[in-house]
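Notes for the structure review
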Amino acid sequence: MAKSIELPLVGAVTTEEIRETYKQLKQEGKKGVFIQTLGCQMNEHDTEKMLGLLKTLDYEPVQSILAADLILYNTCAVRENPERKLYGQINTLKQLKEQRPELIIGICGCMTQQSTALQRMQEELSHVDLIFGTHNIHRLPELVHRVEAGERIVEVWSEEGPVVEDLPVERASAVKAYVTIMYGCNQFCTYCIVPYVRGKERSRQLQDIVREVEALTATGYKEIMLLGQNVNNYGKDLAEDITFARLLYALDAIPGIGRIRFTSPHPKYFSRDVIQALAECSSVCEHVHLPIQAGNDRVLRRMGRRYTRAQYIDLVAQMRQAVPNLAVTTDLIVGFPGETEAEFQDTLSIVTEVGFDSSFMFIYSPRPGTPAAKLPDQIDEESKRDRIHRLIEVQNKVSLQRNATYVGNEYEVLVDGLGKEPGLVAGRTRTGKLVTFAAAPDVVGQLVQVRINKANTWSLEGEQC
Ligand code: SF4
């Protein structure tokens with residue numbers, strides 16, 4: 001799953017605040033770092049790790065590039081748009097670099113791991129001082145140190161690095177925490193660049209994950225999101241006989257553990273023991289994000305997804321039998337090469353048949369280096385746009401129907417921030433539904449009971465019980 005994170009280049013701060021931040025940092029002998037994060041939760045968490053590592057060099061996160069001494073772009077290679085965005089934004093920094101030559105500009109993340117993209121960066125972005133990849137993030141302090149001393153560095157490892165434990169992490173939230181359980185992916189779905197840029201699957205040791213989650217729970221974190229490209233394949237590469245289900249039970253047994261979520265599992269590897277763990281572990285939330293990608297068997301086969309429509313439907317039925325109030329969300333791609341109108345209709349109908357609570361819906365975009373990019377029968381842009389609009393329309397209807405079933409009932413909501421309007425706060429049910437309701441800001445970080453009064457397409461509205 002990959003969603004684009006829109007961090008503003010200049011955050012919601014005034015020029016006066018920027019000047020004040022910059023002055024204060026200098027008085028304290030500190031420096032400012034601004035990281036622009038594109039892509040999925042894995043990238044968001046990598047950014048948290050980079051901020052933690054940079055803190056050891058006295059870099060503090062700032063809300064604006066104008067208060068930054070170091071600007072990093074944590075890139076995504078999954079779709080085309082982040083690449084366009086990167087070049088658009090990084091070219092605008094040329095002038096800033098001319099005015100302040102000591103400013104360090106860096107690029108990291110998945111895009112740097114692609115040889116053609118890396119070559120283009122080196123040729124076209126001469127004002128960039130530092131380029132590093134996804135396998136050597138732990139080396140960031142040394143790399144920055146050398147750039148500060150005047151070097152221009154490109155350090156991208158083509159081979160997977162070691163699984164490095166105990167990196168400092170500067171977390172974006174004090175309520176919800178990301179915990180990576182495995183790196184890389186072995187699946188090689190034909191449209192996906194991830195196995196080429198994140199390497200093969202490497203699982204963290206179970207005891208290291210448990211230790212991290214224990215520490216987070218002890219410091220008050222109420223929700224843990226387990227991250228991996230293919231989480232239910234967790235443990236297959238470890239010497240001991242450890243499975244994803246065993247990990248869930250081990251985490252569920254931590255005293256005081258709040259909520260556990262995970263993303264993303266692969267339907268092919270969603271075994272009975274994981275379904276049982278979903279039902280038996282009280283901390284594991286009643287929500288599974290289960291990417292299906294397409295509703296037609298021929299398209300699924302050409303995508304290399306290794307399951308059929310019927311198998312997916314059966315899997316969801318088994319899950320719902322074990323966890324009756326389960327919310328199921330998914331990823332969908334339209335316009336995969338060769339997708340006919342009739343095959344697209346199968347994707348439309350699966351949304352209604354499964355009753356997805358919501359979906360991340362994407363237009364297929366060829367990624368250089370993947371088998372699907374070389375397929376001859378690419379779909380024209382107009383048809384792709386038409387299909388995505390029709391898909392969104394169907395999904396929105398289904399989402400609203402699913403949300404309507406919440407009205408009149410009470411749910412536990414973990415409040416994680418303020419609402420868009422004054423006096424409102426926002427949070428999530430265990431099933432992942434966004435809920436807004438009126439409450440004092442001091443409920444942020446707490447679990448509260450909320451009665452739902454109104455259902456919208458993407459959210460619910462309610463009142464505190
Ligand atoms: S499972 Fe497929 S889509 Fe997901 S990261 Fe691996 S290769 Fe990409």
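Some details on the site of the ligand
If you check the shell around the ligand, you find Cys185, Gln187, Phe188, Cys189, Tyr191, Cys192, Val194, Pro195, Gln229, His266 and Arg305 and nothing else. For the shell around the ligand, the class distribution of residues is 7 nonpolar, 3 polar and 1 charged.

Brief notes about the pairing of strand β14 (residues 358-363)
Here 6 bridges tie strand β13 (residues 327-334) to β14, and the two strands are oriented parallel to one another. In the strand pairing of β14, valine 334 is matched with isoleucine 363. What joins β13 to β14 is helix α13 (residues 341-354), and the crossover it makes is right-handed.

Focus on the sheet that holds strand β11 (residues 259-263)
Read across the sheet, 3 strands follow the order β7-β10-β11 without closing on themselves; strand pairing throughout is parallel. Among the strands making up the open sheet, the edge pair consists of β7 (176-180) and β11. Strand-to-strand twist across the sheet, computed as the mean angle between neighbouring axes with direction ignored, equals 25°. One ladder, built from 5 bridges, connects β7 with strand β10 (residues 223-227); its direction is parallel. For tyrosine 178, the partnering residue across the bridge sits in β10 and is methionine 225. Across the sheet, helix α2 (residues 41-55) lies against β7, β10 and β11, angled at about 100° from β7, the strand it touches most. Sheet strands in contact with helix α8 (residues 206-218) are β7 and β10, and its direction is about 170° off that of β7.

Describing the side chain of threonine 112
Inspection of the secondary structure assignment puts threonine 112 in the loop between β4 (104-109) and α5 (115-124). Beyond its immediate stretch of four places on either side in the chain, threonine 112 contacts Thr75, Ile107, Leu118, Met121, Ile131, Phe132, Gly133 and Val156.

Quick word on the packing of aromatic side chains
Counting across every chain of the model gives 7 aromatic pairs. A centroid spacing of 6.5 Å and a plane angle of 85° characterise the contact between tyrosine 191 and phenylalanine 336, whose relative ring orientation is edge-to-face. With tyrosine 191 in the loop between β8 (182-183) and α7 (194-198) and phenylalanine 336 in the loop between β13 and α13, the pair connects residues that are 145 residues apart, well separated along the chain. By the burial criterion, tyrosine 191 is buried, and phenylalanine 336 matches it. Aromatic pair phenylalanine 244 and phenylalanine 262: ring centres 5.1 Å apart, planes at 80°, arrangement edge-to-face. With a gap of 18 residues between them, phenylalanine 244 in helix α9 (residues 244-252) and phenylalanine 262 in strand β11 connect regions that are remote in the sequence. The same class applies to phenylalanine 244 as to phenylalanine 262, namely buried. Among the aromatic side chains, those forming a connected cluster through ring pairs are Tyr191, Phe336 and Tyr364. Across from the ring centre of tyrosine 87, 3.7 Å away, lies the NZ or CZ of arginine 120, which sits over that ring.

Quick notes on unusual backbone geometry
Cis rather than trans, the peptide bond between threonine 263 and serine 264 has omega equal to -5°. Locating serine 264 in the fold gives a position in the loop between β11 and α10 (272-280). Residue aspartate 58 is not a glycine yet carries a positive backbone phi of 70°. Position of aspartate 58 among the secondary structure elements: in the loop between α2 and β2 (59-61). Of note, the phi angle at aspartate 166 is positive, near 60°, even though the residue is not glycine. Position of aspartate 166 relative to the elements: it lies in the loop between β6 (153-155) and β7.

Describing the sheet that holds β13
Hydrogen bonding along the main chain pairs the strands of a sheet, whether they run parallel or antiparallel. With respect to topology, 3 strands assemble into an open sheet ordered β12-β13-β14, the strand pairing being parallel. One side of each edge strand has no neighbouring strand; the edge strands of this open sheet are β12 (287-289) and β14. Direction aside, the axes of adjacent strands within the sheet are offset by 10° on average.

Considering the domain arrangement of the chain
Interface size is commonly expressed as the accessible surface area that is lost when the partners come together. Partitioning the chain into structural domains gives domain 1 (15-155), domain 2 (176-404) and domain 3 (410-464). On the domain 2 side, the residues contacting the 18 residues of domain 1 number 20 residues. Across the interface of domain 1 and domain 2, roughly 1,700 Å² is buried in total on both sides, 53% from carbon and sulfur atoms. On the domain 1 side of the interface with domain 2, the three residues burying the most area are Gln41, Met42 and Arg79, jointly 35% of the side's total. Here domain 1 is connected to domain 2 by 1 salt bridge. Ionic pairing is found between aspartate 46 and arginine 198, a salt bridge with its closest N-O pair at 2.9 Å. Joining domain 1 to domain 2, the criterion identifies 7 residue pairs in polar contact (both at pLDDT 80 or more).

Conventions we followed
Residues take numbers from 1 onward in each chain, read along the sequence in its written order. For a predicted model such as this one, the threshold for reporting local features is a pLDDT of at least 70, and the threshold for listing and counting side-chain atom pairs is 80 or more; totals across whole chains, interfaces and linings nevertheless cover every residue. Calculation of side-chain values draws on the structure's entire complement of heavy atoms; hydrogens and water are dropped beforehand. Any residue with at least one heavy atom within 4 Å of a molecule or strand is counted as near it. All amino acids are sorted into three groups, where Ala, Val, Leu, Ile, Met, Phe, Trp, Tyr, Cys and Pro are nonpolar, Asp, Glu, Lys and Arg are charged, and the leftover types, Gly among them, are polar. Strands pair, by our definition, only if DSSP identifies at least two bridges between them. In this text, helices come from DSSP runs of H or I with a minimum length of four residues, and strands from runs of E with a minimum of two, each type numbered from the N-terminal end. With strands facing away from the observer, any crossover in which the path from the first strand over the helix to the second runs clockwise is taken as right-handed. Axis definition: a line fit to C-alpha positions, over the contact stretch in the case of helices; interaxial angles, taken between N-to-C directions, run 0 to 180 degrees. By definition, residues are in contact when any of their heavy atoms lie within 4.5 Å. Aromatic pairing here means that ring centres of Phe, Tyr or Trp (its six-membered ring) are within 6.5 Å. Orientation follows from the plane angle: under 30 degrees is stacked, over 60 is edge-to-face, and everything else is tilted. Think of it in three bands: with a 1.4 Å probe and only protein chains considered, a residue is buried below 20% of the maximum accessible area for its type, exposed above 50%, and partly exposed in between. A ring is scored as having a charge over it whenever the NZ atom of a lysine or the CZ atom of an arginine sits within 6 Å of its centre and within 35 degrees of its normal. Note that domain bounds follow an automatic or database assignment of domains. The term buried area denotes the loss of accessible surface (1.4 Å probe radius) that occurs when two parts are joined, taken as the sum for both partners. Salt-bridge detection follows one rule: a side-chain nitrogen of Lys or Arg within 4 Å of a carboxyl oxygen of Asp or Glu. Side-chain atoms alone can form a polar contact between residues adjacent in sequence; in general such a contact is a pair of N or O atoms within 3.5 Å, and within protein one must be able to donate a hydrogen while the other accepts it.

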